[in-house]
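A closer look at the structure
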Amino acid sequence: MGNMTANQRLTSYIEACEQQMSCVYARTAAEAKQIERRVEAGSLEVVMPGLYARPEYWSELKFRQRYLHRVRALAQKHPDWTFCSYTAAVIYGLSVSHANMTHIHIAAAPAQSTTPGSKVVRHRYARQTRATQMDIAVTDIDQTIADCLVDASFVEGLIIADSVLHEQLLSKEHLVETVDKHGLNRRGVVTARRVARCADGLSESGGESKARALMIER
């Protein structure tokens, strides 16, 4: 490794990121300049501010895979971050609609705020529960589900709630109790409670849950 050129080291790093199913990010100022040159040459592309991937590799990935690549890179880049809301739900392996995977959600102290235009959304917590899933820090499953359901529409919420029951991460009774406890006095809790009541672990996919939710609404 010591005899490798800087260019060879970057190539090796990119290959390692792909094996780990993660995006590339600059670890040093010198590496940032090398990456920028590759972006200009077209051998790397920007997939999120500060995150990169080879175009040929990135084009083969599905939407959810791309999302998880970004999350893994950010978890490595910011080991102090705790992921929450829809991002934590994806990390737990739950079905989440594409509409709710446009941003990365992290738990933050009340004093922190989100930079306008950023793809990272900071959710303010006075206190936060912390668990580990896929070697990534996330809010625990109760907090995660409650945060999703009080924010989501009925259709999008049922996709997540059905999934958590199907994967047996929570029981139906526990789901209802979780929404009542963590959703208390929060905007969206009425919809969240309705979602919890209608949730069914028999749904085997997000598409099936979405179809059922639309039928319930109509």
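For the structure, check the block above.
Just so we're clear, the structure is a prediction, and the values are computed from it rather than from any experiment. Each chain has its residues counted from 1, running along the sequence as written. With pLDDT at 70 or above as the cut-off, local features in this predicted model cover only qualifying residues; side-chain atom pairs require 80 or more to be listed or tallied, and sums for whole chains, interfaces and linings still use all residues. The side-chain quantities take in all heavy atoms of the structure and omit both hydrogens and water.

1. Points about the overall build of the chain
Stated precisely, the cut-off is as follows: What counts as a helix is a DSSP run of H or I of at least four residues, what counts as a strand is a run of E of at least two, and both are numbered from the N terminus. For each residue, the accessible area found with a 1.4 Å probe, counting protein chains only, is set against the maximum for its type, and the residue is called buried under 20%, exposed over 50%, and partly exposed in between. Any two residues whose heavy atoms approach within 4.5 Å are treated as being in contact. Computed with the Shrake-Rupley method and a 1.4 Å probe, the accessible areas treat only the protein chains shown as cover for residues. Under this rule, positive means Lys or Arg and negative means Asp or Glu; His and the chain ends count for nothing. We put the charge of a Lys on NZ, of an Arg on CZ, of an Asp on CG and of a Glu on CD.
The helix and strand tally for the chain stands at ten helices and seven strands. Its C-alpha atoms put the chain at 60 × 40 × 30 Å along the principal axes. The buried share of the chain, reckoned over its 218 residues, is 44%. Here the analysis covers contacts within the chain between residues at least 6 apart in sequence; of these, 56% occur between residues at least 24 apart. Accessible area of the chain: about 11,600 Å², with a carbon and sulfur share of 49%. Taken together, the 27 basic and 24 acidic charged side chains of the chain have centroids lying 5 Å from each other.

2. Here's the deal with the state of the cysteines
Where we set the bar: Cysteine sulfur atoms that come within 2.5 Å of each other are treated as a disulfide pair.
A full pass over the atoms with the stated rule returns zero disulfides. No disulfide involves Cys-84; its sulfur sits 8.5 Å from that of Cys-148, the nearest cysteine. Residue classification places Cys-84 among the buried residues on the basis of a relative accessible area of 0%. Cysteine Cys-198 shares no disulfide, and the gap to the nearest cysteine sulfur, in Cys-148, comes to 18 Å. For Cys-198, a relative accessible area of 23% translates into the label partly exposed.

3. A look at the nonpolar core
Definition in use: As used in this record, nonpolar core signifies buried Ala, Val, Leu, Ile, Met, Phe, Trp, Tyr and Cys residues forming a set joined through side-chain atoms within 4.5 Å.
Counting 61 residues, the largest nonpolar core has Phe-83, Ile-104, Ile-145, Leu-149 and Leu-175 as the members making the most contacts within it. A total of seven residues in this core trace back to one element, the largest contributor, which is helix α7 (residues 154-166).

4. So, the pattern of salt bridges
Keep this limit in mind: Salt bridge criterion: a side-chain nitrogen from Lys or Arg within 4 Å of a carboxyl oxygen from Asp or Glu.
Summed over the entire model, instances satisfying the criterion amount to six salt bridges. Between Arg-54 and Glu-18 there is a salt bridge whose closest N-O contact spans 2.6 Å. In this pair, Arg-54 sits in the loop between β2 (51-53) and α3 (55-58) while Glu-18 sits in helix α1 (residues 6-19), placing the two residues 36 residues apart along the sequence. Its relative accessible area of 30% is what places Arg-54 among the partly exposed residues. Judged by relative accessible area, which is 17%, Glu-18 ranks as buried. With a closest N to O distance of 2.7 Å, Arg-212 and Asp-162 form a salt bridge. Here Arg-212, found in helix α10 (residues 206-217), pairs with Asp-162, found in helix α7; they are 50 residues apart in sequence, far enough to count as distant. The pair Arg-212 / Asp-162 is uniform in exposure class, with both members buried. Salt bridges sharing common partners tie together Glu-18, Arg-54 and Glu-56.

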